[in-house]
Amino acid sequence: MSISNLPDRGGVVELDPLARCVSAFQRRDYASAHDAVVDYIERVPGSAAAWAVRARILNLLGDAEAAIESFEQACALRPDGFALRYRLGKLALAKGRYSVAEPHLAAALNLDPTNTTVRGFLGIAQFRLGDLDKAAENLSSVDVPGVLGRTFKEIAMFVQTARLPAAKTNGAPLLAIIAAHGDKAEPRVWYAHYLEARQKYP
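Since the structure is predicted, the reported quantities are computational estimates derived from the model, not experimental observations. Here the residue numbers are simple positions, counted from 1 along each chain's written sequence. Confidence filtering applies because this is a predicted model: local features only for residues at pLDDT of at least 70, side-chain atom pairs given and counted only at 80 or more, and all residues used for totals across whole chains, interfaces and linings. The side-chain figures draw on all heavy atoms in the structure; neither hydrogens nor water molecules are used.

Peer 1: Please set out the overall build of the protein residue by residue, giving values where relevant.
Peer 2: By the criteria applied, helices consist of DSSP H or I runs no shorter than four residues and strands consist of E runs no shorter than two, each listed in order from the N terminus. Assigned secondary structure in the protein consists of eleven helices and zero strands. Mapped from its N terminus to its C terminus, the protein presents α and β elements in the order α-α-α-α-α-α-α-α-α-α-α. Classification of the 202 residues of the protein by burial places 45% in the buried group. Every residue pair with non-hydrogen atoms within 4.5 Å of one another is taken to be in contact. Contacts in the protein between residues far apart in sequence, at least 24 positions, make up 54% of those at least 6 positions apart. Split by element, the accessible area of the protein, about 10,200 Å² in all, is 50% carbon and sulfur. For each residue, the accessible area found with a 1.4 Å probe, counting protein chains only, is set against the maximum for its type, and the residue is called buried under 20%, exposed over 50%, and partly exposed in between. For the accessible areas, the method is Shrake-Rupley and the probe is 1.4 Å, while residue cover comes only from the protein chains on display.

Here it is in structure tokens:
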């Protein structure tokens with residue numbers, strides 16, 4: 001959502017709060033930008049875009065919980081907004097709010113079924129919630145880093161950020177390794193568990 005292009009979704013737009021928000025944001029004065037976008041929301045409460053911009057600013061201010069709530073308001077106003085669903089799901093996932101992330105990522109995937117990044121994030125949320133069958137289904141079609149030649153921390157980083165390198169392997173076993181051993185597993189240990197998990201999720 002562009003910070004400089006807030007469309008009117010619910011009434012007459014008054015430019016002053018928007019101009020103040022953009023100016024403050026460009027100066028990285030996020031507290032003032034937040035005050036300005038709140039002023040705009042009070043005047044145009046039906047603007048999903050404004051709620052989304054508020055969420056972005058709140059996250060930059062370090063208030064992830066309030067950012068999630070603001071994104072939820074934006075999604076309620078525009079339930080068919082792919083970017084809103086995706087950004088809410090991604091933020092909630094990053095903050096360990098898996099039960100919040102899962103339905104929004106599922107909705108985003110429904111809006112864009114070929115988006116492998118969203119599918120990967122959804123699979124991770126499902127795995128963290130214990131829904132291994134759905135996680136395996138989603139992650140098996142996502143490119144994740146190959147095991148050989150990688151340290152465990154590199155694998156965890158790539159899986160958790162849903163990066164999609166060329167090597168093709170099954171995501172569910174990699175996540176099974178992470179869940180079983182955290183970041184303390186030695187390569188020979190997690191590789192053995194990888195082979196074992198591949199038998200369960202061929």
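Peer 1: I'd like a description of the pattern of salt bridges, backed by residues and values.
Peer 2: Salt bridge, as used here, is a side-chain nitrogen of Lys or Arg placed within 4 Å of a carboxyl oxygen of Asp or Glu. In total, this model carries five salt bridges according to the counting rule given. A salt bridge links Arg27 to Asp29; the nearest nitrogen and oxygen atoms lie 3.6 Å apart. The exposed category is assigned to Arg27, whose relative accessible area is 52%. Taking the relative accessible area as the measure of exposure, Asp29 reaches 27% and is therefore partly exposed. Three or more residues are tied together by salt bridges with common partners; here these are Arg20, Asp39 and Arg43.

Peer 1: I'd love a proper account of the confidence of the model for the protein, names of residues and values included.
Peer 2: Residue-level confidence of the predictor, termed pLDDT, takes values from 0 up to 100. In the predicted model, the protein carries a mean pLDDT of 74, and the fraction of residues at 70 or more is 60%. Within the model, pLDDT remains below 50 along residues 143-152, and this stretch shows 37 contacts once partners closer than five positions in the same chain are excluded.

Peer 1: Can you lay out the packing of aromatic side chains for me, pointing to particular residues and giving the numbers?
Peer 2: Here is the rule: rings of Phe, Tyr and Trp (six-membered ring for Trp) pair when centre to centre is within 6.5 Å. Planes less than 30 degrees apart are stacked, more than 60 are edge-to-face, and the remainder are tilted. In the structure shown here, the tally under the stated rule is three aromatic pairs. Seen from their ring centres, Phe82 and Tyr86 are 6.0 Å apart, and the 5° between their planes marks the pair as stacked. Linking Phe82 with Tyr86, this pair stays in helix 5 (residues 82-94), spanning four residues, or about one helical turn. Residue classification places Phe82 among the partly exposed positions, given a relative accessible area of 27%. According to the relative accessible area criterion, Tyr86 is buried, its value standing at 18%. Put simply, the rings of Phe82, Tyr86 and Phe121 touch in pairs and so form one group of aromatic residues.

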